[in-house]
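# Summary of the model geometry
The primary structure of each chain is shown beneath.
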Amino acid sequence: MASAFDGLLPPSVACEDLSGLSAAREDELCDVLPPSERAVVAGAVAQRRREFAAVRHAARRALSRLGRPAGVILPGTDRAPRWPAGVVGSMTHCPGFRAAAVALDRDAASLGIDAEPHAPLPDGVHDLILAGEERAMLAELAGERRGCAMDRVLFSAKESIYKAWYPLTGRWLGFDDCEVTFDGNAFVGGVLIEPAVVGGTVVARFHGRWAIRDGIVLTAVHVPRPG
Ligand SMILES: CC(C)(COP(=O)(O)OP(=O)(O)OC[C@H]1O[C@@H](n2cnc3c(N)ncnc32)[C@H](O)[C@@H]1OP(=O)(O)O)[C@@H](O)C(=O)NCCC(=O)NCCS
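As the structure is a prediction and not an experimental result, all values here were calculated from the model. (Residues numbered from 1 in each chain as written. Predicted model: local features only at pLDDT ≥ 70, side-chain atom pairs only at ≥ 80, totals over all residues. Heavy atoms only, no water.)

## Some remarks on the layout of surface pockets
Any space left empty among the atoms is revealed by the rolling of a water-sized probe across them. The space that makes up the largest pocket amounts to roughly 1000 Å³. Taken together, 40 residues line the largest pocket, and the ones lying closest to its centre are Arg 79, Ala 80, Pro 81, Tyr 162 and Lys 163. For the lining of the largest pocket, the elements supplying multiple residues, two or more each, are helix H3 (46–65), strand E2 (87–94), strand E4 (110–117) and helix H6 (150–169). If you tally residues by element for the lining of the largest pocket, the top one is H6, at eight residues. (1 Å grid on protein atoms, 1.4 Å probe; cavity = no way out; pocket = protein on both sides within 12 Å on 5 of 7 lines; lining within 4 Å. Points joined across faces, edges and corners; volume = space filled by probe spheres on them. Helix = DSSP H or I, 4+ residues; strand = E, 2+ residues; numbered from the N terminus.)

Right under this line is the structure:
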C-alpha cells in the first residue's frame, strides 16, 4: 500500500500513515488500545489521546508488514518509543496526519521521521533553530525553491535527525548542535558535538530525504547498520 513516505526511505523500511481520520474514528482507536498504552494517556487531553492511539495503530500495521507481532509500544521516560526487540522505528503526528516507520535492526541502525504542516515557521523561530550557515542557505533556497517553505523543511529535517540520533546515543541534540545542508530532495545533518557511535563506527552525518505532499512537509532519516 502506498505511503506518504514512499521514496524517502529504503524499501526495507515499512511505513504506514493515516490521513484525515475523524475524531470519532480516532476515539475508537483509543478504545482498543492495550491497557498499558491506555494508561499512558489516561489523563491527557482528547487530542493527545487520539494522536497517541492513531499513530500506534499505524505502527502496528507497519510492524505486521515486517512480520512482527503488533505488541505494545510504550514510551520511555524520555518519551522515545520502546520498540519490540529486533526492530527500530519512528513515529510522527501533525493535524490530520499520523505516520510510523519501522525496520528490522539488521536493515537499519536507527530511523527518524517527521511531518509538519507546510507553512513558513512563525516569527522568531529562526533564531532558535538555525546553526552555522543555515540562514544563508535558506536565503539562497528561497530563490531556488519558490512555493516551498524551506525553513519548515529544515525544521522538520532537524526533528527527524533528533529522532534517529536519540535512540543511538541517549543524548540531547540541540538545534544548534547540527548543521543541515540540502542537495535536491536529499539532506545531510552534520553533528557538531560528540558524534554517535554505532557498532564501533562513528556516525557524525545523518542522511535523509524530504518531500511536500498534500500540504504536509515530510522528512525521513535512515541510519544504515555499519558493514
Ligand atoms: C521529540 C521531538 C523531536 C518530537 O517532535 P514533534 O514535532 O514535537 O512531534 P512529532 O509528532 O513529530 O513526534 C512525536 C513522536 O516522537 C517520538 N519521540 C519523542 N521523543 C523522542 C526521542 N527522544 N527520540 C525518538 N523519538 C521520540 C514519539 O514517538 C512521539 O510520539 P508519541 O509521544 O505519540 O509516541 C520534539 O518534541 C523535540 O523535543 N525536539 C527538540 C530536539 C530536536 O529536535 N533537536 C534538533 C536536533 S538538530
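## Here's the deal with the domain arrangement of the chain
The assigned domain composition of the chain is domain 1 (14–108) and domain 2 (117–223). A C-alpha centroid distance of 23 Å is found between domain 1 and domain 2. Counting the contacts that link domain 1 with domain 2 gives zero salt bridges. Counting every contact that joins domain 1 to domain 2 gives three residue pairs in polar contact (both at pLDDT 80 or more). If one sorts the elements of the side of domain 1 that touches domain 2 by residue count, E2 sits on top with four residues. Taken together, the residues of the side of domain 1 that touches domain 2 break down into five nonpolar, two polar and two charged. (Domains from an automatic or database assignment. Salt bridge = Lys/Arg side-chain N within 4 Å of Asp/Glu carboxyl O. Polar contact = N/O pair within 3.5 Å; in protein donor to acceptor, adjacent residues only side chain to side chain. Nonpolar A, V, L, I, M, F, W, Y, C, P; charged D, E, K, R; others polar.)

## Some words on the sheet that holds strand E1 (residues 14–19)
If you trace the three strands from one edge of the open sheet to the other, you get E1-E3-E2, paired in antiparallel fashion. Sheet topology places E1 and E2 at the edges, where each strand pairs with a single neighbour. Geometrically, the sheet is characterised by an average inter-axis angle of 10° between neighbouring strands, direction not taken into account. (Pairing = 2+ DSSP bridges. Axes fitted to C-alpha atoms, helices over the stretch in contact; angles between N-to-C directions.)

## Details of the side chain of Thr 219
You can see Thr 219 is positioned in strand E10 (residues 216–223). Among the residues examined, Thr 219 registers a relative accessible area of 0% and is labelled buried. Discounting residues that sit within four places of it in the chain, Thr 219 has contacts with Phe 5, Gly 112, Ile 113, Asp 114, Val 153, Ser 156, Ala 157, Ser 160, Phe 187, Arg 209 and Trp 210. (Buried < 20%, exposed > 50% of the residue type's maximum accessible area, 1.4 Å probe, protein only. Contact = heavy atoms within 4.5 Å.)

## Description of the nonpolar core
Core analysis: the largest hydrophobic core is formed by 31 residues, its most contacted members being Ile 161, Phe 182, Phe 187 and Phe 206. Listed in part, the 22 residues of the second largest apolar core include Ala 14, Val 87, Ala 100 and Val 102. (Core = buried A, V, L, I, M, F, W, Y, C linked by side-chain atoms within 4.5 Å.)

## With respect to the state of the cysteines
Cysteine pairs can be covalently joined through their sulfur atoms, and such a bond is termed a disulfide. Within the structure shown, the criterion is met by zero disulfides. Here Cys 15 is not cross-linked by a disulfide; its sulfur's nearest cysteine counterpart is in Cys 94, at 15 Å. Classification of Cys 15 as buried rests on a relative accessible area of 7%. (Disulfide = S-S within 2.5 Å.)

## Quick look at the site of the ligand
Contacts to the ligand come from 21 residues, most closely from Arg 48, Thr 92, His 93, Glu 159 and Lys 163. Arg 48 is positioned such that a nitrogen or oxygen atom in its side chain is 2.7 Å from an oxygen atom of the ligand. Secondary structure elements with two or more residues in the shell around the ligand: H3, E2, E4 and H6. Broken down by element, the shell around the ligand gets its largest block of residues, five residues, from H6. Split into classes, the residues belonging to the shell around the ligand amount to nine nonpolar, three polar and nine charged. Among the domains, domain 1 (14–108) and domain 2 (117–223) are the pair contributing at least three residues each to the shell around the ligand. (Near = heavy atom within 4 Å.)

## Notes on the side chain of Glu 116
Along the chain, Glu 116 turns up in strand E4. In this structure Glu 116 comes out as buried when scored by relative accessible area, which is 9%. Side-chain polar atoms of Glu 116 contact the side chain of Arg 152, separated by 3.1 Å. Here Glu 116 is in contact with Cys 94, Arg 152, Phe 155, Ser 156, Glu 159, Gly 215, Ile 216 and Val 217, once residues within four sequence places are set aside.

## Focus on the sheet that holds strand E9 (residues 205–213)
A sheet is described by the order of its strands in space; here five strands give the open sequence E4-E10-E9-E6-E5, paired in antiparallel fashion. For this open sheet the edge positions go to E4 and strand E5 (178–183), each flanked by a neighbour on one side alone. Pairs of neighbouring strands in the sheet enclose a mean axial angle of 25°, with direction left out of account. For E5 and strand E6 (residues 186–191), the ladder comprises six bridges, and the chain directions are antiparallel. Pairing of Val 180 across the sheet is with Gly 189, part of E6. Its contacts with the sheet put H6 on E4, E5, E6, E9 and E10, and the angle it makes with E4 is roughly 150°.

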